[in-house]
Amino acid sequence: MLLLSSCQQNESDFLKNINSLSLIQVSKSNDFNSDKTIYTFFNTTCHYCQIEIKEIKDNSELEFRDISFILISDENIEVLKEFIKTENLVKINNIKIYKCDELEFFQTFPASKTPTSWVIENNKCIYRELGWTPMKKLLSKFKE
């Protein structure tokens, strides 16, 4: 409950803040939109980030097909492009990957761990998780 209220108080303007960043879309362009989105700040070499991304990949066509996943990293664009290729993320319609400026991101969002995830429903931040958590736990925060 502490994390939920923390998200609502500290990040009530999450979408306004994320849209104010100078994000560069690295993944293919797609028009997939959903009322349910999970934003995750990640790093390609982070073991826990890789676990989360594998969970998304393994379930994107069935259980997670109605969820948008926005992955944000401060890594080099070429590193991110290679990651997309290596992980075969091009085929997954509901994932977008963005490159952010590290300083700008951390000034806006004090995310001190990777991964850090924000659960957004109907344009409101309803939950935030610092560090790894099973994807099913994040999904459980969406209202049915």
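On a predicted model such as this, the values are computed, not experimentally measured, just so you know. (Residues numbered from 1 in each chain as written. Predicted model: local features only at pLDDT ≥ 70, side-chain atom pairs only at ≥ 80, totals over all residues. Heavy atoms only, no water.)

Caption draft 1: Inspection of the pattern of salt bridges at higher detail. Under the defined criterion, the tally for this structure stands at three salt bridges. The closest approach of N and O atoms between K54 and D58, which form a salt bridge, is 2.6 Å. With a gap of four residues between them, K54 and D58 both fall in helix α3 (residues 47-59), about one helical turn apart. Note on K54: relative accessible area 48%, which makes it partly exposed. Across the pair E129 and K137 runs a salt bridge, and its minimum N-O distance is 3.7 Å. Overall, the relative accessible area of 36% leaves K137 in the partly exposed class. (Salt bridge = Lys/Arg side-chain N within 4 Å of Asp/Glu carboxyl O. Helix = DSSP H or I, 4+ residues; strand = E, 2+ residues; numbered from the N terminus. Buried < 20%, exposed > 50% of the residue type's maximum accessible area, 1.4 Å probe, protein only.)

Caption draft 2: Quick peek at α3. Compared with the 18 Å implied by 1.5 Å per residue over 13 residues, the 19 Å span of α3 between its first and last C-alpha is a close match. Buried within α3 we find C49, E52, I53, E55 and I56. Looking straight down α3, one finds its buried side chains confined to an arc of 150 degrees; they lie on one side. In this structure, the buried residues of α3 make contact with β2 (36-41), β3 (68-73), α4 (77-86), β4 (95-99), β5 (116-121) and α6 (135-140). (Expected span 1.5 Å × (residues − 1). Arc of directions from axis to C-beta. Contact = heavy atoms within 4.5 Å.)

Caption draft 3: Molecular detail of the environment of R128. In this fold, R128 is placed in strand β6 (residues 124-130). Placed 90 residues apart in sequence, R128 and I38 show a C-alpha to C-alpha distance of 9.6 Å.

Caption draft 4: Layout of the environment of D66. Position of D66 among the secondary structure elements: in the loop between α3 and β3. Residue D66 is classed as exposed on the basis of its relative accessible area, which comes to 51%. In sequence terms D66 and K36 are 30 residues apart; their C-alpha atoms lie 7.3 Å from each other. What D66 contacts, discounting residues up to four positions off in sequence, is F32, S34 and K36.

Caption draft 5: Region of the structure containing the pairing of β6. For β6, a buried count of five out of seven residues is recorded, marking the element as mostly surrounded by other parts of the structure. Inspection of the sheet shows β5 paired to β6 by six bridges, in the antiparallel sense. Opposite T116, over in β6, you have L130 as the bridge partner. Taken together, β5 and the strand that follows it, β6, pair antiparallel across an intervening segment of two residues, in which N122 is found at a positive phi of about 50 degrees. (Pairing = 2+ DSSP bridges.)

Such coordinate-based values are descriptive only and should not be taken to indicate function.
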